[in-house]
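# Residue-level structural notes
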Amino acid sequence: MDQCVKCPDHQYANTERSQCLQRTVTFLDYQDPLGMALACTALCFSVLTAAILGVFMRHQHTPIVKANNRALSYILLISLTFCFLCSLLFIGRPNTATCTLQPIAFGLVFTVAVSTVLAKTLTVILAFKVTAPGRRMRRLLVSGAPNYIIPSCSLIQLTLCGVWLGISPPFVDSDTHSEQGHIIITCNKGSVTAFYCGLGYLGSLALGTFMVAFLARKLPDTFNEAKFLTFSMLVFCSVWLTFLPVHHSTKGKVMVAVEVFSILASSTELLGCIFAPKCYVILLKPHSCSLRGFRDKTLCWSHKPS
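Below or above, wherever it landed, is the structure these notes cover. Every value quoted in this text rests on a predicted model; they were computed, and no experiment measured them. (Residues numbered from 1 in each chain as written. Predicted model: local features only at pLDDT ≥ 70, side-chain atom pairs only at ≥ 80, totals over all residues. Heavy atoms only, no water.)

## A short note on the sheet that holds strand E3 (residues 24-26)
In space, the three strands of this open sheet follow the order E3-E5-E4, with mixed pairing throughout. Looking at the sheet topology across the chains shown, the edges are occupied by E3 and strand E4 (171-175). The sheet shows a mean angle of 30 degrees between the axes of neighbouring strands, taken without regard to direction. Here three bridges tie E3 to strand E5 (residues 182-188), and the two strands are oriented parallel to one another. Following the sheet pairing, Thr26 is matched in E5 by Ile184. (Pairing = 2+ DSSP bridges. Helix = DSSP H or I, 4+ residues; strand = E, 2+ residues; numbered from the N terminus. Axes fitted to C-alpha atoms, helices over the stretch in contact; angles between N-to-C directions.)

Right, here's the structure in full:
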């Protein structure tokens, strides 16, 4: 007691308080079962998304692919591929490069994906409004005005990321208090305000996309694209609303695992809700969406551009 010494940050006291022991450095590693499972899941789904893109490109001249706006479908599939791959930045030992790329990659690719869904939804609405009197809707549809939503929304998110990196960028941090005997290496978000601004903008964009898709849900029953878009954005918003309280209640590598799981879950539901029905028709029922079947509304799932 006369010679009581506090242990350094990289060490901790044993149970008898008689000596200092070396702390173990820990992070969400690829060699951990959890990190390995998340990394394999991300790679498998990225390959699956690329395969679906290949299916769409191979059947690009079929009516069902044409009707669902090939360009927007390609952009959405490419962005979803990068959504799965960006989760790999959160796994492994953090360094300055990965900590800097995390907010840019996550914010930008998800903004592209959600804004593409918004563009598809607006195209659906305009396609049905074309039949109404007036030429304004037709001009908007022919000019491809909804497609400008993607670069506009992405530019806003890129600006927010630039401000974040300019004011207080993320950096490598060590946590010595969450777990006894461990030093947890994590990426500190830097500016918490900038983090929530970027996440809030993405959430607002997703919520706005859901509201637009929800308003378009009463389109004719033979056209199911709006219903798929509505359901996909509903699940997307639910995943990230669940993420916020769970993110605040966890620490260390469990918190990183929650972030990766949320990225994978939201990307998977967008891929499944939007593209699974189309792949089912293309691969398993190819004759139902031939030109002859396409003209029959009872056989095809869509007959308007989306």
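Next, the rest of the story.
## Things to note about empty space enclosed by the protein
This structure, assessed with the given rule, holds two cavities of 30 Å³ or more. Lining of the largest cavity is provided by 21 residues; of these, Pro103, Phe106, Trp164, Lys189 and Phe195 occupy positions nearest its centre. Among the secondary structure elements, those contributing two or more residues to the lining of the largest cavity are helix H4 (96-129), helix H6 (149-167), E5, helix H7 (192-215), helix H8 (225-249) and helix H9 (252-284). In terms of residue count, H4 provides more of the lining of the largest cavity than any other element does, five residues in total. For the lining of the largest cavity, the residue count by class is 14 nonpolar, five polar and two charged. (1 Å grid on protein atoms, 1.4 Å probe; cavity = no way out; pocket = protein on both sides within 12 Å on 5 of 7 lines; lining within 4 Å. Points joined across faces, edges and corners; volume = space filled by probe spheres on them. Nonpolar A, V, L, I, M, F, W, Y, C, P; charged D, E, K, R; others polar.)

## Regarding the state of the cysteines
Under the definition given, this model contains two disulfides. Covalent S-S linkage joins Cys7 and Cys20, the inter-sulfur distance amounting to 2.0 Å. Measuring the twist about the S-S bond at about -95 degrees, one finds the Cys7-Cys20 disulfide to be left-handed. Within this pair, whereas Cys7 is found in the segment before strand E1 (11-13), its partner Cys20 is found in strand E2 (residues 20-22), the two being separated by 13 residues in sequence. Across a sulfur-sulfur distance of 1.9 Å, Cys99 and Cys187 are joined as a disulfide pair. Judged by the sign of its S-S torsion, about -80 degrees, the bond between Cys99 and Cys187 is left-handed. Placement of the pair is Cys99 in helix H4 and Cys187 in strand E5, with a sequence separation of 88 residues. (Disulfide = S-S within 2.5 Å.)

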